[in-house]
Amino acid sequence: MSLTSQLARGDLGRWFAQTMPGTTAVAAEVADAAARVRPVRPQAGTVLGDRHWADVGGAFGARLGALVQAAPPYYGLYGLVSPGLLTLRAAHEIAAGYPSHAALTPAEQLRALDMRPDPAGWRDLGRPCPDPDPDPPAWGDAVFAELAARTRGYHDQHAPTGAVGTPGAEAGLARVYGLWSVCEDIYRSGVISPDLEELLDLDRPTVEQLRAATPVAVVDEIVGLARRLAESGSLAALRGWAGNPEPGQPLGCAGPVFATHWADGDLLVGDTLLDVKTVMRADQPDRTGRWLWQILAYAWLDTAGDRYRIRAAGLYLARHGVLLRWDVDELAARLLGDRRAVAAARHEFLDLATHAATSEVPAWTREPPSAASAMSGPSSNSQCRGGAGTPAADQTAPSAGRRGRGICIPMRSGENPVPPKDGGGPG
């Protein structure tokens, strides 16, 4: 289980439920803030695909990540490497081309996908893993490298870091981030979507064909969410949290990692950890409670090394354009219902999380069973992995004729249905 799964149906979720009696009251505040605003909705009469809500959640999360930092689509690249659609070497080369990774040394560029910038410098998710026998180019090597390069250039011209573009520019970007989200789903769940699966029949797909795979209804919604971000004042607030940097400069970090292959967040803006939700309503206290537990858990996981220097945590309700933010200790005190209990609860949580993270790390990662390697500081002592990375879901089902460099994953769209991304459903 990942941390998200643990909070939904594991020991950590039960611990939070028993320990945080103030959760319902804080969840009610979130519901009240959302209820005051009419959310962005699909256009009337639009036919929505089965994956629409999850696709919108994933694509807008990726778009917002790019707004905060010009960083690689880490988990989309991992997803492509796992079934052999992209070679590990190509994935590292693509990652190395992003502005966030410009300061890497030549040696570090060879494993750029496992290098993550943070306020303390660089977090290395694994020791160097050179290809033991370099593979011939894979199906997606050339076209995804071209897609990444063209997207970076498009951002520079039409929607630089920290800015929202025109509706036309955002539509173009939505097609790209819709695709990267589908690729990330392979990493998260081991399933290739029908839209991407159709592209596998093409020997040499073009960038245009890749971009066209994102449904029009998803593109339209992402454009609406980007407009809501700008017009609601939330973008200005995010820029303020980051100290109002010059245009094109990062607002923080996209995809902060708190426990390798177990807990990764959405965004760090300034000193605020932010989780992005694309729900239509926020009046389900159990679900909202898990969101609150999750952002607090991420912040607490960072306290051991203080790499991300998190001092506040918040939620962005994207359809409403609503930002909510709490000081970390204040959020903990309110959830616990007792300010004096914060330190003890944090220590107890870290003990439980250490046990959960180290006992659930999949065997192929060969991570040493210690809290330090799982949740604090660089992971430079971890053993060399066989692949570029997959989630802690222990995907071991046979592939449909394609083998990843590290593990095999299911390839048929009808198998192992993709669960909705947290906060990505219509409710």
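Our subject in this report is the structure included herewith. Keep in mind that this is a model prediction, so the values were computed, not measured.

Reading the values: the criteria
- Residues numbered from 1 in each chain as written.
- Predicted model: local features only at pLDDT ≥ 70, side-chain atom pairs only at ≥ 80, totals over all residues.
- Heavy atoms only, no water.
- Helix = DSSP H or I, 4+ residues; strand = E, 2+ residues; numbered from the N terminus.
- Buried < 20%, exposed > 50% of the residue type's maximum accessible area, 1.4 Å probe, protein only.
- Contact = heavy atoms within 4.5 Å.
- Phe/Tyr/Trp six-rings, centres within 6.5 Å; stacked < 30°, edge-to-face > 60°.
- Lys NZ or Arg CZ within 6 Å of the ring centre and 35° of its normal.
- Salt bridge = Lys/Arg side-chain N within 4 Å of Asp/Glu carboxyl O.
- Polar contact = N/O pair within 3.5 Å; in protein donor to acceptor, adjacent residues only side chain to side chain.
- Expected span 1.5 Å × (residues − 1).
- Pairing = 2+ DSSP bridges.
- Axes fitted to C-alpha atoms, helices over the stretch in contact; angles between N-to-C directions.

**Concerning the overall build of the protein**
Right, so step 1: The helix and strand inventory of the protein stands at 17 helices and nine strands.
Right, so step 2: Within the protein, buried positions represent 56% of all 427 residues.
Right, so step 3: Considering only contacts within the protein whose residues lie at least 6 apart along the sequence, 73% involve residues at least 24 apart.

**Observations regarding the packing of aromatic side chains**
Right, so step 1: Throughout the structure, instances matching the rule amount to 13 aromatic pairs.
Right, so step 2: Judged by centre distance (6.2 Å) and plane angle (40°), the ring pair of tryptophan 15 and phenylalanine 349 falls under tilted. Here tryptophan 15, found in helix H2 (residues 11-19), pairs with phenylalanine 349, found in helix H16 (residues 342-360); they are 334 residues apart in sequence, far enough to count as distant. This pair shows no difference in class: tryptophan 15 is buried, exactly as phenylalanine 349 is.
Right, so step 3: In textbook terms, an aromatic cluster arises when at least three aromatic residues are bridged by ring pairs, as seen for Trp15, Phe16, Trp293, Trp300 and Phe349.
Right, so step 4: The ring of tyrosine 75 has arginine 188 sitting right over it, with the charged end atom 4.5 Å from the ring centre.

**Examining the pattern of salt bridges**
Right, so step 1: Within this structure, the stated rule accounts for 19 salt bridges.
Right, so step 2: Put simply, glutamate 208 and arginine 150 hold a salt bridge, and the shortest N to O gap is 2.8 Å. Of this pair, glutamate 208 sits in helix H11 (residues 207-211) while arginine 150 sits in helix H8 (residues 141-158), placing them 58 residues apart in sequence.
Right, so step 3: Here aspartate 306 ties to arginine 311 by a salt bridge, and the two come within 3.0 Å at their closest N and O atoms.
Right, so step 4: A residue is classified by how much of its surface remains accessible, and arginine 311, at 41% relative accessible area, is partly exposed.

**A short note on the environment of threonine 303**
Right, so step 1: Here threonine 303 shows up in the loop between helix H14 (285-301) and strand E8 (312-317).
Right, so step 2: With 47 residues separating them in the primary sequence, threonine 303 and leucine 350 have C-alpha atoms 9.4 Å apart.
Right, so step 3: Aside from chain neighbours lying at most four places away, what touches threonine 303 is Arg346 and Leu350.
Right, so step 4: At a separation of 2.6 Å, a polar atom in the side chain of threonine 303 contacts the main-chain carbonyl oxygen of tryptophan 300.

**Section: helix H9 (residues 167-189)**
Right, so step 1: The first and last C-alpha atoms of H9 sit 32 Å apart over 23 residues, in line with the 33 Å expected at 1.5 Å per residue.
Right, so step 2: Of all 23 residues in H9, 18 are buried; the element is thus mostly enclosed.

**Some words on the sheet that holds strand E9 (residues 322-327)**
The pairing of strands in a sheet happens through backbone hydrogen bonds and is either parallel or antiparallel.
Right, so step 1: In space, the five strands of this open sheet follow the order E3-E6-E7-E8-E9, with mixed pairing throughout. The open sheet has two free edges, formed respectively by strand E3 (252-254) and E9, since each of these has just one partner strand. Between one strand and the next, the sheet's axes are offset by a mean angle of 20°, whatever the strand orientation.
Right, so step 2: As defined by bridge partners, strand E7 (residues 272-277) adjoins E8 across six bridges and the pair is classed as parallel. Opposite leucine 273, over in E8, you have alanine 313 as the bridge partner.
Right, so step 3: Of the strands in this sheet, E7, E8 and E9 touch H14, which is tilted by about 150° from E7.
Right, so step 4: On top of the sheet, helix H15 (residues 328-336) reaches E8 and E9; it is set at about 90° to E9, its chief contact.

**Observations regarding the side chain of aspartate 118**
Right, so step 1: Along the chain, the position of aspartate 118 falls in strand E1 (residues 115-118).
Right, so step 2: Overall, aspartate 118 belongs to the buried group, its relative accessible area being 8%.
Right, so step 3: Within the structure, the side chain of aspartate 118 is placed 2.9 Å from the backbone nitrogen of glycine 121, a separation counted as a polar contact.
Right, so step 4: Within the local environment of aspartate 118, its side chain forms a polar contact with the side chain of arginine 307, the two groups lying 2.7 Å apart.
Right, so step 5: Excluding its chain neighbours within four sequence positions, the residues that come into contact with aspartate 118 are Arg123, Cys253, Arg307 and Tyr308.

**Things to note about the pairing of E1**
Right, so step 1: The alternating pattern of E1 places Met115 and Pro117 on one face and Arg116 and Asp118 on the opposite face, and all of these are buried.
Right, so step 2: By the bridge criterion, four bridges tie E1 to strand E2 (residues 121-124) in an arrangement that is antiparallel. From the neighbouring strand, aspartate 118 faces E2, where its bridge partner is glycine 121.
Right, so step 3: The loop that links E1 with its antiparallel partner E2 comprises two residues.

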